[in-house]
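Breakdown of the fold
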Amino acid sequence: MILARIFDRNMERGLVWAVIFLMLIGVLMVHSASQGENMASSDYWVKQALWMVISITVAMGIILVPVKYIYALSYVFYGVMFVLLLLVEIVGTTGGGSERWLALGPVRVQPSEFMKVAIILALARYMSFKKNRPTSYVKVIVPGLFILFPLLLVLKQPDLGTSMIFCALLFPMIYWAGLDSRRLFFLVAPILSAVFAAPFLPWFNWFTWVCFMFLILGVLYYSRYSLPAMGAILGTNILAGIATPIAFGRLKSYQQERITTFINPEADPLGAGYQILNSKVAVGSGGILGKGVGKGTYTEMGFLPKAHTDFIFSIVGEELGFIGTVAVICLFLYIIYRGIMVATSIRNQFMSLAVVGICGVFLFHVYINVGMVLGLMPVTGKSLPFLSYGGSSVLANAMMVGLLLNFSVNRHDF
């Protein structure tokens with residue numbers, strides 16, 4: 001029965017192989033990172049291989065769990081993970097300047113990684129009821145609260161990258177659950193308004209912000225909203241645009257410098273910008289075919305701190321070259337594409353929403369990490385799924401893959 005379940009005709013076998021290939025590449029790249037001068041004789045790659053085996057086992061186990069049990073335990077799992085996040089604030093251990101882990105004997109667990117899975121399942125269960133579907137702004141409030149409280153705890157750790165993922169997974173899920181595209185745009189618009197008016201971003205200024213305001217006016221006009229609604233939406237965006245430069249101007253000079261360097265690493269090449277600048281050089285030095293596995297000079301000479309975690313894609317670029325980086329990105333895109341195809345074919349609203357949330361997490365993880373490595377995004381400390389070193393990350397990602405495969409097997413159940 002177990003083998004029949006695993007080899008069901010509805011199983012996404014291509015997705016399984018894509019994940020396994022990524023995990024193997026991850027072990028290989030972590031091994032290369034372990035040869036660097038600042039990580040001599042490291043056994044990180046051995047631990048990563050062990051986590052890979054454990055994660056595959058966990059994913060296979062999740063495939064066998066009846067969907068009704070996953071549904072029934074969604075809120076319970078959310079509550080347990082929330083309590084663990086609270087415990088991090090009380091008895092958490094510190095690493096890299098952040099307090100994100102709980103020590104369980106020799107193993108350190110990062111609850112925020114598993115909180116992503118919990119949020120997806122809790123949101124999917126809540127919005128699977130027709131009366132709870134976010135067809136209006138008012139009905140978005142409760143799904144927003146599912147995100148808000150864990151978000152505040154994670155920001156306190158601090159962990160900007162994970163908090164961004166929490167926010168990011170909400171938007172595709174509420175859209176899939178029933179929020180129309182115009183309302184979704186107006187929800188995101190204040191964030192975009194603040195970004196377009198940010199004085200610390202060299203490519204945005206008052207001109208870009210005014211252009212964005214005209215875009216909002218155009219969308220409002222064609223939306224045919226009532227005058228009070230139009231005024232509230234426009235006022236919120238104007239307030240966000242005006243408040244951003246004012247808030248930045250009230251910061252102390254050293255705080256402004258930190259933000260500027262955070263966005264523009266070239267401003268401090270030997271300090272805060274050291275990692276990202278070396279990362280870009282390492283990726284570029286790989287050329288088309290790369291230098292070969294274990295032959296990355298920037299890695300071996302220790303110019304890439306944390307190369308085995310947040311900057312694992314830098315090693316891919318240096319050692320496997322342009323071909324390798326494109327192959328890795330294509331594997332991720334294939335996983336996301338197959339996930340979306342599964343979501344569209346599922347009859348059960350709970351499963352369909354959960355799959356969309358899982359695809360959203362993978363998409364934003366890859367977007368943030370690859371963008372960070374290439375200098376297109378700020379350094380937020382977000383790992384690359386299946387490749388970056390980290391037991392909690394690998395295990396949480398495997399859980400999401402297990403759920404996706406479980407739902408694909410049961411896609412015709414209502």
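The structure we're discussing is the one just above.
Computed from a prediction, not measured in an experiment: that's the story for all the values here.

1. A few points about the overall build of the protein chain
The helix and strand inventory of the protein chain stands at 17 helices and 3 strands. For the protein chain, with 414 residues in total, the buried portion stands at 49%. The long-range fraction of contacts in the protein chain, counting pairs at least 24 apart against all pairs at least 6 apart in sequence, stands at 72%. Total accessible area on the protein chain stands at roughly 19,200 Å², and carbon and sulfur atoms take up 71% of it.

2. Examining the packing of aromatic side chains
In the structure shown here, the tally under the stated rule is 12 aromatic pairs. Taking the centre distance of 5.3 Å and the plane angle of 80° together, the rings of Tyr221 and Tyr222 count as edge-to-face. Judged by its relative accessible area of 64%, Tyr222 falls in the exposed class. Both rings, one in Phe362 and one in Phe386, keep their centres 5.6 Å apart while their planes meet at 50°; by these two values the pair is tilted. Here Phe362 is found in helix α16 (residues 349-373), whereas its partner Phe386 is found in the loop between α16 and α17 (391-409), with 24 residues between them in sequence. Just as Phe362 is buried, Phe386 falls in that class too. Cluster of aromatic residues (ring-pair linked, three or more members): Tyr75, Tyr78, Tyr126 and Phe146. The ring of Tyr71 carries the charged tip of Arg125 above its face, separated from the ring centre by 4.6 Å. Here the guanidinium or amino end of Arg183 rests over the ring plane of Tyr137, the centre of that ring lying 5.8 Å away.

3. Considerations on the side chain of Ser55
Topologically, Ser55 is positioned in helix α3 (residues 44-63). Reaching out from Ser55, the side chain makes a polar contact with the backbone oxygen of Trp51 at a distance of 2.7 Å. For Ser55, the residues in contact, after removing those within four places along its chain, are Met23, Val394, Leu395 and Ala398.

4. What to know about the pattern of salt bridges
Enumeration according to the criterion identifies 4 salt bridges in this entry. Between Glu12 and Arg338 there is a salt bridge, with its nearest N and O atoms 2.9 Å apart. Taken together, the positions of Glu12 in the loop between α1 (2-6) and α2 (13-33) and Arg338 in helix α15 (residues 312-345) put the pair 326 residues apart, joining distant regions of the chain. Notably, a salt bridge pairs Glu318 with Lys291, separated by 3.0 Å at the nearest N-O pair. Of this pair, Glu318 sits in helix α15 while Lys291 sits in the loop between α13 (274-285) and α14 (297-300); the two residues are 27 residues apart in sequence, bridging distant segments of the chain. Residue class for Glu318 comes out buried when judged on its relative accessible area of 0%. Exposure remark for Lys291: the relative accessible area of 28% places this residue in the partly exposed category.

5. Quick notes on a nonpolar patch on the surface
On the surface, a cluster of nonpolar side chains totalling about 700 Å² of accessible area is made up of Val138, Ile141, Leu145, Leu148, Phe149, Leu152, Leu155 and Leu160. When residues in the nonpolar patch are grouped by element, the largest group, 6 residues, is from helix α7 (residues 141-156). Considering the arrangement of structural elements, one finds Leu145 in helix α7. Assessed through its relative accessible area of 36%, Leu145 is described here as partly exposed.

6. Comments concerning α2
The terminal C-alpha atoms of α2 lie 30 Å apart, and with 21 residues this matches the ideal 30 Å at 1.5 Å per residue to within 8%. Of the residues making up α2, those classed as buried are Leu15, Ala18, Val19, Leu22, Met23, Gly26, Val27, Met29, Val30, Ser32 and Ala33.

7. Side note on the packing of helix α8 (residues 160-177) against helix α9 (residues 181-196)
The interhelical angle for the contact between α8 and α9, taken along N-to-C directions, is 160°, at an axis separation of 10 Å. The pairing of α8 with α9 is recorded here as roughly antiparallel in orientation. Handedness of the crossing formed by α8 with α9: right-handed. Contact residues: α8 offers Phe171, Ile174 and Tyr175, while α9 offers Ser181, Leu184, Leu187 and Val188.

8. Brief notes about the nonpolar core
Nonpolar side chains in soluble globular proteins tend to be buried together. If you look at the biggest cluster of nonpolar residues, it comprises 95 residues, and the most contacted ones within it are Leu123, Phe386, Leu387 and Phe407. The dominant element in this core, judged by the number of residues it contributes, is α16, at 15 residues. Contact partners of Leu387, with chain neighbours within four places excluded, come to Leu22, Ile25, Gly26, Val30, Gln48, Ile312, Val316, Val328 and Phe332. Grouped together as the second largest cluster of nonpolar side chains are 10 residues, Phe186, Ala189, Phe212 and Ile233 included.

9. Comments concerning the environment of Ile62
With respect to the secondary-structure elements, Ile62 resides in helix α3. Residue class for Ile62 comes out buried when judged on its relative accessible area of 14%. Put simply, Ile62 and Leu405 are 343 residues apart on the chain and 8.6 Å apart in space, counted from C-alpha to C-alpha. Those residues in contact with Ile62 that lie beyond four places of it in its chain are Met399, Gly402, Leu403 and Asn406.

10. Comments concerning the packing of helix α6 (residues 111-127) against α17
The geometry of α6 relative to α17 is characterised by a closest axis approach of 8 Å and an angle of 25° between their N-to-C directions. Put simply, α6 runs roughly parallel to α17. Packed against α6, whose contacting residues are Glu113, Phe114, Val117, Ile120 and Leu121, the element α17 presents Ser392, Ser393, Leu395, Ala396, Met399, Met400 and Leu403 at the interface. Grouping the amino acids of the contact of α6 with α17 by side-chain chemistry returns 9 nonpolar, 2 polar and 1 charged.

About the thresholds
Residues numbered from 1 in each chain as written. Predicted model: local features only at pLDDT ≥ 70, side-chain atom pairs only at ≥ 80, totals over all residues. Heavy atoms only, no water. Helix = DSSP H or I, 4+ residues; strand = E, 2+ residues; numbered from the N terminus. Buried < 20%, exposed > 50% of the residue type's maximum accessible area, 1.4 Å probe, protein only. Contact = heavy atoms within 4.5 Å. Areas by Shrake-Rupley, 256 points an atom, 1.4 Å probe, with all protein chains shown as cover. Phe/Tyr/Trp six-rings, centres within 6.5 Å; stacked < 30°, edge-to-face > 60°. Lys NZ or Arg CZ within 6 Å of the ring centre and 35° of its normal. Polar contact = N/O pair within 3.5 Å; in protein donor to acceptor, adjacent residues only side chain to side chain. Salt bridge = Lys/Arg side-chain N within 4 Å of Asp/Glu carboxyl O. Patch = residues over 30% accessible without salt bridge, like charges linked within 9 Å, V, L, I, M, F, W, Y side chains within 5 Å. Expected span 1.5 Å × (residues − 1). Axes fitted to C-alpha atoms, helices over the stretch in contact; angles between N-to-C directions. Parallel < 35°, antiparallel > 145°, perpendicular 65-115°, else oblique. Left-handed = near helix turned anticlockwise from the far one by under 90°. Core = buried A, V, L, I, M, F, W, Y, C linked by side-chain atoms within 4.5 Å. Nonpolar A, V, L, I, M, F, W, Y, C, P; charged D, E, K, R; others polar.

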